Amino acid sequence: MKLLKHFAFEAGHFIPDHPTCGQIHGHSYKVTLEVEGPISPSGFVIDFNVLKNTVGFWLKEVFDHKFLNSSFEWSPTAELISVYIFDKCYHLLGSITQDVKVVSVTVWETESNAAVCTMADWALFRHMCKLP
Ligand SMILES: [Zn+2]
């Protein structure tokens, strides 16, 4: 079964050489984490609180009220942010359980614009976020 968990953070950024996004501005980002695993005998796939206390805390610490161009060596587009967050979720979840896998990480830059990173995208593009 799949679970969805929503997170949110506020951050500033600009996209170098972009005609409109080249100016420094901010977004109220939303992040949707999609995980999948079996329902355990206790009735859970994974406790939502575990996701909040791991992924949620990390997101707040790394992204909330940050200027993303100063935080990262790569251009902070929704696409690359989703890849970067997928990588962290993959490793965080892997350290907690082998049963539950990350299916996708969606980064909503606005209500109408989002980037979705799957396992295949993470494999293809994580080098663009300087990830091993
Ligand atoms: Zn922007």
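Below is a summary of the structure that appears in this document. Within any chain, residue numbers begin from 1 and follow the written order of that chain's sequence. In keeping with the model being predicted, local features are shown solely for residues with a pLDDT of at least 70 and side-chain atom pairs are shown and tallied solely at 80 or more, while totals for entire chains, interfaces and linings include all residues.

### Observations concerning the overall build of the chain
Reasoning step 1: Runs of H or I in DSSP of at least four residues are treated as helices and runs of E of at least two as strands, each being numbered from the N terminus. The number of helices and strands found in the chain is four helices and five strands.
Reasoning step 2: Counting from the amino terminus, the chain carries its helices and strands in the arrangement β-β-α-β-α-α-β-β-α.
Reasoning step 3: Values of the radius of gyration come from C-alpha atoms, whereas the globule rule sets the reference at 2.2 Å times the count of residues to the power 0.38. The C-alpha atoms of the chain give a radius of gyration of 15 Å, which matches the 14 Å a tight globule of 132 residues would have.
Reasoning step 4: Taking the principal axes of the C-alpha coordinates as reference, the chain spans close to 55 × 25 × 25 Å.
Reasoning step 5: Any residue with 12 or fewer other C-beta atoms within 10 Å of its own C-beta is exposed, any with 20 or more is buried, and the rest are partly exposed; the C-beta atoms used are placed from the backbone. Counting all 132 residues of the chain, 26% fall into the buried class.
Reasoning step 6: By definition, residues are in contact whenever their C-beta atoms, placed on the basis of the backbone, come within 7 Å of each other. The long-range fraction of contacts in the chain, counting pairs at least 24 apart against all pairs at least 6 apart in sequence, stands at 70%.

### Some points on the sheet that holds strand 3 (residues 66-67)
Reasoning step 1: When DSSP locates at least two bridges between a pair of strands, those strands are taken to pair. If you trace the five strands from one edge of the open sheet to the other, you get 3-1-2-4-5, paired in mixed fashion. If you trace the sheet from one side to the other, it starts and ends with strand 3 and strand 5 (114-118), each paired once.
Reasoning step 2: Sheet topology note: the strand 1 (residues 2-13)/strand 3 ladder contains two bridges and is parallel. Following the sheet pairing, Gly 12 is matched in strand 3 by Phe 67.
Reasoning step 3: Here an angle of 0 to 180 degrees is reported between the N-to-C directions of two axes, which are lines fitted to C-alpha atoms, with helices fitted over the stretch in contact. Packed on one face of the sheet, helix 3 (residues 78-96) meets strand 2 (25-36), strand 4 (101-108) and strand 5 and runs near 150° to strand 4.

### Some points on the packing of helix 1 (residues 48-63) against helix 3
Reasoning step 1: Relative orientation of the contacting elements helix 1 and helix 3 amounts to 145°, with a least axis distance of 11 Å. Like other packed secondary-structure pairs, helix 1 and helix 3 cross with a definite hand, here right-handed. Residue-level contacts link Val 50, Thr 54, Val 55 and Trp 58 of helix 1 to Lys 88, Cys 89, Leu 92 and Ile 96 of helix 3.
Reasoning step 2: Of the residues assigned to the contact of helix 1 with helix 3, the class counts are six nonpolar, one polar and one charged. Helix crossings are classified by the rotation of the near helix relative to the far one: an anticlockwise turn of less than a right angle makes the crossing left-handed, while a clockwise turn makes it right-handed. Put simply, Ala, Val, Leu, Ile, Met, Phe, Trp, Tyr, Cys and Pro go in the nonpolar bin, Asp, Glu, Lys and Arg in the charged bin, and everything else, Gly too, in the polar bin.

### Some details on the environment of Ile 46
Reasoning step 1: In this fold, Ile 46 is placed in the loop between strand 2 and helix 1.
Reasoning step 2: The class of Ile 46 is partly exposed, set by 19 C-beta atoms lying within 10 Å.
Reasoning step 3: Apart from residues lying up to four places away in sequence, Ile 46 is in contact with Leu 3, Val 35, Gly 37, Leu 51, Thr 97 and Val 100.

### So, helix 3
Reasoning step 1: Over its 19 residues, helix 3 runs 27 Å from end to end, which matches the ideal 27 Å to within 8%, given 1.5 Å per residue.
Reasoning step 2: Among all positions of helix 3, only Ala 78, Leu 80, Ile 81, Ser 82, Val 83, Tyr 84, Ile 85, Phe 86, Cys 89 and Leu 93 are buried.
Reasoning step 3: On its buried side, helix 3 packs onto strand 2, helix 1, strand 4, strand 5 and helix 4 (119-125). One fewer than the residue count of a helix, multiplied by 1.5 Å, yields its expected span.

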